[in-house]
Amino acid sequence: MATEATDPRPLTGEPIALDLLNTRWMREGRLTDLFAGTFGLTRMEGLALWLRSVGLERRFRADAPTLIHLLTAREALARAVADPADDGARTLVDAVLEHGRIRATLTAEGPGERPEFEDPSWGPAWTAARNYLDLLGASPDRIRKCASETCVLHFHDTSRNGTRRWCSMAVCGNRAKASRHYARTRER
């Protein structure tokens, strides 16, 4: 029986669009990629780990077409988050969204929706792009990049007053506080 790999990423649990962006992070000063075949994981094992972490492992397969489409979505989302006014980024996100649609349904609980895909390998990519639209519709100003200059992670600020600055107060926030403290003591 195979054991499940531990997710090596420093920030997980963000909305799926941002969680996809966070499959790239800085580690010891170098950009690291969950889908690059590192940490003793193959590219497909990294994909399977990510699908499991966002709850999509039962609906979609960890295969080469899914990975290719997910990488396409990640690049589109990275550009769109970096510059929401970028027409090219919007075109790329729209191109991913072309591969799926929402089907209205009637469920036992009432009205419902179900995503549909001509090619299921687009499912995770489309789901992430659709989630980005949902975030934009609800609170675009709460989509943030970590304030640390050396961090590439993104988060959805759910703090009450909307002032979260760091991907993690324990890591990037603590480094910033320590750096400020060191600068103050050095000035004395």
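Everything in this summary refers to the structure shown in the same document. Sequence order sets the numbering: in each chain, residues are counted from 1 along the sequence as written. Reporting of local features is limited, given that this is a predicted model, to residues whose pLDDT is at least 70; pairs of side-chain atoms are given and counted only at 80 or more, and all residues count toward the totals for whole chains, interfaces and linings. The side-chain figures draw on all heavy atoms in the structure; neither hydrogens nor water molecules are used.

## Comments concerning the pairing of strand E3 (residues 101-107)
(1) Moving on: For E3 and strand E4 (residues 110-116), the ladder comprises 7 bridges, and the chain directions are antiparallel. When the bridges of E4 are listed, Arg101 appears paired with Glu116.
(2) Moving on: Between any two strands, pairing holds if DSSP finds at least two bridges. The helix count covers DSSP runs of H or I at least four residues long, the strand count covers runs of E at least two residues long, and both are numbered beginning at the N terminus. Counted along the chain from E3 to the antiparallel partner E4, the turn is 2 residues long.

## Topic: the packing of aromatic side chains
(1) Moving on: Working definition: a ring pair exists when centres of Phe, Tyr or Trp rings (six-membered ring for Trp) sit within 6.5 Å. Plane angles under 30 degrees give stacked, over 60 give edge-to-face, the rest tilted. Enumeration over the complete set of coordinates arrives at 4 aromatic pairs.
(2) Moving on: Between Phe35 and Trp50, the ring centres sit 6.4 Å apart and the planes meet at 85 degrees, which makes this aromatic pair edge-to-face. Taken together, the residues span a long stretch of sequence, with Phe35 in the loop between strand E2 (30-33) and helix H2 (43-53) and Trp50 in helix H2 at a distance of 15 residues. The pair formed by Phe35 and Trp50 is uniform in burial state, with each residue classed as buried.
(3) Moving on: Cation placement over rings: the criterion is NZ of Lys or CZ of Arg within 6 Å of the ring centroid and within 35° of the ring normal. Cation over ring: Arg164 sits above Phe155, and NZ or CZ is 4.0 Å from the ring centre. Partly exposed describes any residue whose relative accessible area lies between the buried limit of under 20% and the exposed limit of over 50%, with all areas from a 1.4 Å probe on protein chains only and scaled to the type maximum.

## Let's talk about H2
(1) Moving on: Along H2, the positions that sit buried rather than exposed are Gly46, Leu47, Leu49, Trp50 and Leu51.
(2) Moving on: Positive phi appears at Gly55, one or two residues downstream of H2, with a value of about 75 degrees.

## Focus: the pattern of salt bridges
(1) Moving on: When a carboxyl oxygen of Asp or Glu lies within 4 Å of a side-chain nitrogen of Lys or Arg, that pair is called a salt bridge. The tally for this structure, following the rule as stated, stands at 13 salt bridges.
(2) Moving on: Residues Arg103 and Glu116 are paired through a salt bridge, measuring 3.0 Å at the closest nitrogen-oxygen approach. Of this pair, Arg103 sits in strand E3 while Glu116 sits in strand E4, and the two are 13 residues apart along the sequence.

## With respect to the packing of helix H3 (residues 64-82) against helix H5 (residues 123-138)
(1) Moving on: Note on geometry: axes are C-alpha line fits, over the in-contact stretch for helices, and angles between N-to-C directions span 0 to 180 degrees. Following both chains from N to C, one finds H3 and H5 inclined at 20 degrees, their axes separated by 8 Å at the closest point. With respect to their mutual orientation, H3 and H5 come out roughly parallel. The two elements H3 and H5 cross, and the hand of that crossing is right-handed. Note on element contacts: H5 touches H3 through Pro124, Ala125, Ala128, Ala129 and Tyr132, opposite Thr66, His69, Leu70, Ala73, Leu77, Ala80 and Val81. Roughly parallel here means an angle under 35 degrees, roughly antiparallel means over 145, roughly perpendicular means 65 to 115, and every remaining angle is called oblique. Left-handed describes a crossing whose near helix is turned anticlockwise from the far helix by less than a right angle; the clockwise case is right-handed. Contacts: residue pairs with any heavy atoms within 4.5 Å of one another.

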